Amino acid sequence: MNAASERQGFIAMLKKGNKSSAIAMIGNAVIAAIKAFAAAFSGSGAMFASAMHSLADAINQGFVFAGSILSEKRPTPRFPTGFGRVINIFCMVAVIVVTIMAYETIREGWHLIQHPVASEGIWLNIGVLLVNLIVDGWILVKAMKEILTETKAEADGFKLVGAAFKNVGRSAPATRLVFYEDIVAVTGALLAMVAVLVVSLTTFEIMDGVVTVLIGLLMVGVAFRVGYDNMIGLIGVSAPKEVADKVSKIIFSEPFVTDIYQLRILQEGRYYHVEALMELKPGLTLADADDIKFKVRDKLLQDSDITDAILGIIEDDGVKSWVPIDKR
């Protein structure tokens, strides 16, 4: 393979990476640098905490972007189920980073509560935090739209928020991480802005440390949520109800399929592996039954979210086995 082909292959892999994490990585790196300068100039603990959070976000989302690229690799003979769970490993690394940053933030906040200091440069801090709100707010909206794209849901206007929360569980692990982290980023920026105003306009200097601790605790919450999601992803988690219903409808769209004796759908990153044992109408020849099996498999693999389908066939036993998940 020549250099041009390798370069094209590398660019193609980059394009497959999670867009939300790439945008968030760049945005948060810029914000972290601006906040660090403002914190050093003003001495604001809340600004320091917010800078630490943005730095943690940038590092995390860089890890996650790299993981999302690797998770798009096709299955190989050695790894026949593909690399979908690689993204869960990278997200767990991100959780460790967030936890360390959260500890440092809480420790700094506790120090400021015990030894409050006056901060300077109120308008510099407010200006930086406004930029933070705009950038992180934009990233959050992009993450919400990515959730809807990945889950094939539709919403616009203010309905986008509710739809994003409703469908975030079915989105890619990388997109979920960006979504949760940017909720905390926007909340943290608002809290930091409150702290800057209170400390600058009143004598309640302890507010700086209190808000710093609160931001650190929010980071712990993100670490726990993202860690839990990716832990069960590494173990192997079944697909959500909506996916199971969609798969069963595809299988039953074949008129010779009378029942589904068994159905198991595993989520691998943002993709799904389907294993099903179908019951067919009696009297079919083995050749016809095989044709039906491959026809159903082709229909399943037409769905971009399904990367593998292993199907078995048996003759209808006269007993209804498949019950929709919402009726179990």
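Residues numbered from 1 in each chain as written. Predicted model: local features only at pLDDT ≥ 70, side-chain atom pairs only at ≥ 80, totals over all residues. Heavy atoms only, no water.

Peer 1: Looking at this model, I keep getting lost on the overall build of the protein chain. Mind explaining?
Peer 2: Scanning the protein chain from N- to C-terminus turns up 10 helices and 4 strands. Listed N to C, the secondary structure of the protein chain is α-α-α-α-α-α-α-α-β-α-β-β-α-β in terms of helices and strands. Oriented by its inertia axes, the alpha-carbon framework of the protein chain measures out at about 85 × 55 × 35 Å. By residue count, 47% of the 328 residues in the protein chain fall in the buried class. Long-range pairs, those at least 24 residues apart, make up 73% of the contacts in the protein chain between residues at least 6 apart in sequence. (Helix = DSSP H or I, 4+ residues; strand = E, 2+ residues; numbered from the N terminus. Buried < 20%, exposed > 50% of the residue type's maximum accessible area, 1.4 Å probe, protein only. Contact = heavy atoms within 4.5 Å.)

Peer 1: Looking at this structure, how should I read a nonpolar patch on the surface?
Peer 2: A contiguous nonpolar surface patch, about 320 Å² in accessible area, is contributed by I26, V30, I34 and V131. Tallying contributions element by element places helix α2 (residues 19–42) first for the nonpolar patch, with 3 residues. Overall, I34 belongs to the partly exposed group, its relative accessible area being 34%. (Patch = residues over 30% accessible without salt bridge, like charges linked within 9 Å, V, L, I, M, F, W, Y side chains within 5 Å. Areas by Shrake-Rupley, 256 points an atom, 1.4 Å probe, with all protein chains shown as cover. Salt bridge = Lys/Arg side-chain N within 4 Å of Asp/Glu carboxyl O.)

Peer 1: Explain the packing of aromatic side chains here, please?
Peer 2: Note on aromatic pairs: each is described by the distance of the centres and the angle between the planes. Taken as a whole, this structure holds 2 aromatic pairs when the rule is applied. Between F179 and Y180, the ring centres sit 5.7 Å apart and the planes meet at 55°, which makes this aromatic pair tilted. A cation over a ring is seen here: K281 above F256, with NZ or CZ 5.6 Å from the ring centre. The ring centre of F294 lies 5.2 Å from the NZ or CZ of K293, which sits over that ring. (Phe/Tyr/Trp six-rings, centres within 6.5 Å; stacked < 30°, edge-to-face > 60°. Lys NZ or Arg CZ within 6 Å of the ring centre and 35° of its normal.)

Peer 1: Can you walk me through the environment of F79 in this structure?
Peer 2: Following the sequence through the fold, F79 ends up in the loop between α3 (45–70) and α4 (86–114). When the C-alpha atoms of F79 and F252 are compared, they prove to be 30 Å apart, with 173 residues separating the residues in sequence.

Peer 1: Looking at this model, I keep getting lost on unusual backbone geometry. Mind explaining?
Peer 2: As a rule of thumb, non-glycine residues mostly have phi less than zero, and peptide bonds are mostly trans rather than cis. Residues other than glycine seldom take positive phi values, yet K152 does so here, at roughly 55°. The residue K152 is located in the loop between α5 (122–151) and α6 (159–167) in this model.

Peer 1: How should the packing of helix α7 (residues 173–201) against helix α8 (residues 206–235) be read in this particular structure?
Peer 2: Relative placement of two packed helices is described by the angle separating their axes and the distance separating the axes. Where α7 meets α8, the closest approach of the two axes is 9 Å, and the angle between their N-to-C directions is 175°. With respect to each other, α7 and α8 are oriented roughly antiparallel. Residue classes in the contact of α7 with α8 are distributed as 18 nonpolar, 3 polar and 5 charged. (Axes fitted to C-alpha atoms, helices over the stretch in contact; angles between N-to-C directions. Parallel < 35°, antiparallel > 145°, perpendicular 65-115°, else oblique. Nonpolar A, V, L, I, M, F, W, Y, C, P; charged D, E, K, R; others polar.)

Peer 1: Whenever I open this one, the pattern of salt bridges confuses me. Can you help?
Peer 2: Where side chains of opposite charge bring their charged atoms close, a pairing between them can arise. Counting across every chain of the model gives 9 salt bridges. Salt-bridge contacts for R107 lead to E104; the nearest nitrogen and oxygen are separated by 3.1 Å. Pair noted here: R107 and E104 are both in helix α4, with a separation of 3 residues, about one helical turn. One salt bridge connects D229 with R225, and the closest N-O pair in it is separated by 3.3 Å. With D229 and R225 both in helix α8, this residue pair falls 4 residues apart, about one helical turn.

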